[in-house]
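Okay, here's what each chain looks like letter by letter:
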Amino acid sequence: MTTEYLIVGAGPSGCAAGITLCKHGKECMIIERYPLGRRKLCAGVFTRKSQRALDELLGAETAVKCYGECLVSREKQLVLWKDMEKLVACDTRFPITLIDRPKFDYFLAKHFMEQGGTILDNTNIVSISFDDRTVTLENGEKITYKNLIAADGANSFVEREAKKQVVGFLPKDESILAMEINVDREDFSIDGVNLYFEIVPETYAWAFSKADKVCLGLGKLQGKDFSAQEVFTQFLKKLGVKNLDKYPLRGAMLPFGNTMPVPAIPSADVMFVGDAGGLVEPVTGEGIFCALQSGIFAGDSRNAEEYLEKVKFLHRLIKKDAGYQKLLTMPRMMRFFYHRVKDNPGFMEHFYSTQIEEVCFEKFIQIYLKYKLLYRRKKDKS
Ligand SMILES: Cc1cc2nc3c(=O)[nH]c(=O)nc-3n(C[C@H](O)[C@H](O)[C@H](O)COP(=O)(O)OP(=O)(O)OC[C@H]3O[C@@H](n4cnc5c(N)ncnc54)[C@H](O)[C@@H]3O)c2cc1C
């Protein structure tokens, strides 16, 4: 078999690349390891910037159909906690959209096929030769391609093979471990989108209201000397989640500020998109936006060089935000942040709605200084 574009992975990044290539009339094929509609560990926060990327990919009309199939809830309230102490609760100006990931990914895969793309699902690759531009499948069949798009997630097979075969190739650093369960309302109930600090060092835990379920999770940075499973279990017990035995703890890798230094191999016409390229926002762990956007960039590019030019914007943004992640999680900064949040409930709303929903921390410093100044004035007056 031969194809012009071979995409490995039918997650949002692979499907976004495939749908964009179909729009350009290119011949492309996706290979997916699992049957379509696979389970996917993801809290499903779908920000306004992700929604814009989806509109660009599908067109507004099809995007509405997509929400019709995968929307779970739209939450108005954002609540921040310091351990189990409620710091602030605010209504966000736009509801926070939560989607069902397996349904979302399935919709994109189906749409890709409707546009003329081919998917070989439940199909595993056993080897890749970058020199011959050929992959070998488990059944021994070979597929020859001109361009390869690696959309195979945080633990990318294509990346591991590139590390072995391509001289000078620099992989991303290790990803973080994120743990998550979805519990029934009768076992634990909470409203809104809740973020918990001081549960796990330098990251956060969460509890999101998702219709008849609550999604609970946390992320653990690499190199930290504790068991994510134990900390997660303690967190669930502190919250008072009942019947814990019903819910096996699940974990998955998530890139976190460790983007691949150069997410393409121009000499071999390989592009890395989404998690495979380490393209995830490193303060929040939001990856769907980068997956969709990098997939669109790959599909829009004539070659890997052009992709590198286009994806530079995401790459820079992630590197900058990785710096913010370190700054924001310094103990002094956290203490300062808790005070500001308590004094200014509007700060959190404004910060979340503009810097997380709309963009990635583009005006963080300005907003921070503005609220700091307002606080000073308020204090001076009183
Ligand atoms: C616990 C958790 C919670 C999260 N919550 C959010 C959130 O609320 N909002 C948000 O924006 N992001 C969230 N993320 C991040 C988000 O899920 C990812 O960034 C996103 O899924 C990346 O999409 P992708 O297409 O690059 O990779 P994936 O979605 O991982 O897709 C990769 C695909 O490749 C396939 N594959 C892998 N290896 C092979 C192979 N060898 N051959 C063929 N196919 C292969 C996989 O089966 C999979 O279908 C979360 C992540 C985790 C772990």
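One structure accompanies this document, and this report is about it. (Residues numbered from 1 in each chain as written. Predicted model: local features only at pLDDT ≥ 70, side-chain atom pairs only at ≥ 80, totals over all residues. Heavy atoms only, no water.)

## What about the site of the ligand?
Counted only if it meets this: Nearness of a residue to a molecule or strand requires only that one of the residue's heavy atoms be within 4 Å of it. Polar contacts, as used here, are pairs of N or O atoms within 3.5 Å; protein pairs need one atom able to donate a hydrogen and one able to accept it. Residues neighboring in sequence count only if both atoms are side-chain atoms. Helix and strand definitions here come from DSSP, where helices need a minimum of 4 consecutive H or I residues and strands a minimum of 2 consecutive E residues; each element is numbered from the N-terminal end. Residues are sorted three ways: Asp, Glu, Lys and Arg are charged, Ala, Val, Leu, Ile, Met, Phe, Trp, Tyr, Cys and Pro are nonpolar, and all the rest, Gly among them, are polar. Where a domain begins and ends is set by an automatic assignment or by a domain database.
Not every one of the 33 residues close to the ligand is listed here, only the nearest: Ser13, Glu32, Arg38, Val45 and Asp275. Interatomic distance of 3.2 Å between a backbone N/O atom of Pro12 and an oxygen atom of the ligand. Here a nitrogen atom of the ligand sits 3.0 Å away from a polar atom, N or O, in the main chain of Ala43. Looking at the shell around the ligand, the elements that each hand over two or more residues are helix H1 (12-23), strand S9 (176-184), strand S13 (250-254) and helix H7 (288-300). A per-class count over the shell around the ligand returns 16 nonpolar, eight polar and nine charged. Taken domain by domain, the shell around the ligand gets at least three of its residues from each of domain 1 (2-73 + 96-173 + 255-325) and domain 2 (176-254).

## Thoughts on the nonpolar core
We apply this condition: In this description, a nonpolar core means a group of buried Ala, Val, Leu, Ile, Met, Phe, Trp, Tyr and Cys residues linked to one another through side-chain atoms lying within 4.5 Å. A 1.4 Å probe rolled over the protein chains alone gives each residue an accessible area, and that area as a share of the maximum for its type sets the label: buried under 20%, exposed over 50%, partly exposed in between. Residue contacts are counted whenever heavy atoms from the two residues lie within 4.5 Å of one another.
Formed by 47 residues in total, the largest nonpolar core has its most connected members in Leu54, Phe104, Leu108, Ile149, Leu292 and Tyr307. Breaking this core down by element, the ones donating at least two residues are strand S1 (2-8), H1, strand S2 (28-31), helix H2 (48-58), helix H3 (60-70), helix H4 (101-114), H7 and helix H8 (304-328). If you tally residues by element for this core, the top one is H7, at seven residues. Beyond its immediate sequence surroundings of up to four residues, Leu108 is in contact with Pro12, Cys15, Ile19, Leu54, Leu57, Leu58 and Leu292.

## What to know about the pairing of strand S6 (residues 125-129)
Quick reminder of the rule: At least two bridges found by DSSP between two strands are what make those strands a pair.
Looking at chain direction, S6 and strand S7 (residues 134-137) are connected through four bridges and run antiparallel. The partner of Ile125 across the bridge, within S7, is Leu137. Here S6 hands over to S7 after four residues, with Arg133 in that stretch at a positive phi of 55°.

## Some points on the pattern of salt bridges
Rules: Salt bridge, as used here: a side-chain nitrogen of Lys or Arg that lies within 4 Å of a carboxyl oxygen of Asp or Glu.
Enumeration according to the criterion identifies 16 salt bridges in this entry. A salt bridge links Lys164 to Glu161, with the shortest nitrogen-to-oxygen separation between them at 2.9 Å. You can see Lys164 and its partner Glu161 sitting in helix H5 (residues 157-165), three residues apart, about one turn around the helix. What makes Lys164 exposed here is its relative accessible area of 66%. With relative accessibility at 10%, the residue Glu161 sits in the buried group. One salt bridge in this structure joins Lys320 and Asp321, with 2.8 Å as the shortest N-O distance. Residue class for Lys320 comes out partly exposed when judged on its relative accessible area of 34%. For Asp321, a relative accessible area of 0% puts it in the buried group.

## With respect to the environment of Phe130
With respect to the helices and strands, Phe130 occurs in the loop between S6 and S7. Residue classification places Phe130 among the buried residues on the basis of a relative accessible area of 4%. Once the C-alpha coordinates of Phe130 and Met253 are considered, the two residues, 123 residues apart in sequence, prove to be 26 Å apart.

## Here's the deal with the packing of aromatic side chains
Under the convention used in this document: Aromatic pairing here means that ring centres of Phe, Tyr or Trp (its six-membered ring) are within 6.5 Å. Orientation follows from the plane angle: under 30 degrees is stacked, over 60 is edge-to-face, and everything else is tilted. Over a ring means this: the NZ of a Lys or the CZ of an Arg is within 6 Å of the ring centre and within 35 degrees of the ring normal.
Tallied over the entire structure, the rule returns eleven aromatic pairs. Each ring, one from Trp81 and one from Tyr196, has its centre 5.3 Å from the other, and the planes form 15°; the classification is stacked. Residue Trp81 is located in strand S3 (residues 71-82), and its partner Tyr196 is located in strand S10 (residues 193-197); the two are separated by 115 residues in the primary sequence. For Trp81, a relative accessible area of 15% translates into the label buried. Members of the aromatic cluster, joined through ring pairs, are Phe46, Tyr67 and Phe104. Across the ring face of Phe289, the terminal group of Lys49 is positioned such that the distance to the ring centre comes to 5.6 Å. In this arrangement the basic side chain of Arg74 is found over the ring face of Tyr67, its NZ or CZ atom lying 6.0 Å from the centre.

## Observations regarding the sheet that holds S3
Here is the rule we go by: Structural elements are reduced to axes, namely lines fitted to C-alpha atoms, with helices fitted over the stretch in contact, and the angle between N-to-C directions of any two is expressed from 0 to 180 degrees.
Here we have seven strands laid out as an open sheet, ordered S4-S3-S10-S11-S12-S9-S13, and mixed in their pairing. Sheet topology places strand S4 (85-99) and S13 at the edges, where each strand pairs with a single neighbour. Sheet twist, expressed as the mean angle between neighbouring strand axes with direction ignored, is 25°. The strands touched by H3 are S3 and S4; relative to S3, the strand with the most contacts, the crossing angle is about 70°.

## Regarding H3
Note the following rule: The directions from the helix axis to the C-beta atoms form the arc being described.
Along H3, the residues that are buried comprise Thr62, Ala63, Cys66, Tyr67 and Cys70. With its buried residues spanning 150° around the axis, H3 presents them on a single face. Counted as exposed and oriented over 90 degrees from the buried face of H3: Glu61, Val64, Lys65 and Gly68. Elements that come into contact with the buried residues of H3 comprise H2, S3, S4 and H4.

## Thoughts on H4
Let me state the cut-off plainly: A helix is expected to span 1.5 Å for every residue after the first.
For H4, built from 14 residues, the straight-helix expectation of 20 Å at 1.5 Å per residue is met to within 8% by its first-to-last C-alpha distance of 20 Å. For H4, the set of buried residues is Arg101, Phe104, Asp105, Phe107, Leu108, Ala109, His111 and Phe112. The opening residue of H4 is Asp100, an N-cap whose side-chain oxygen sits 3.1 Å from the backbone nitrogen of Lys103.

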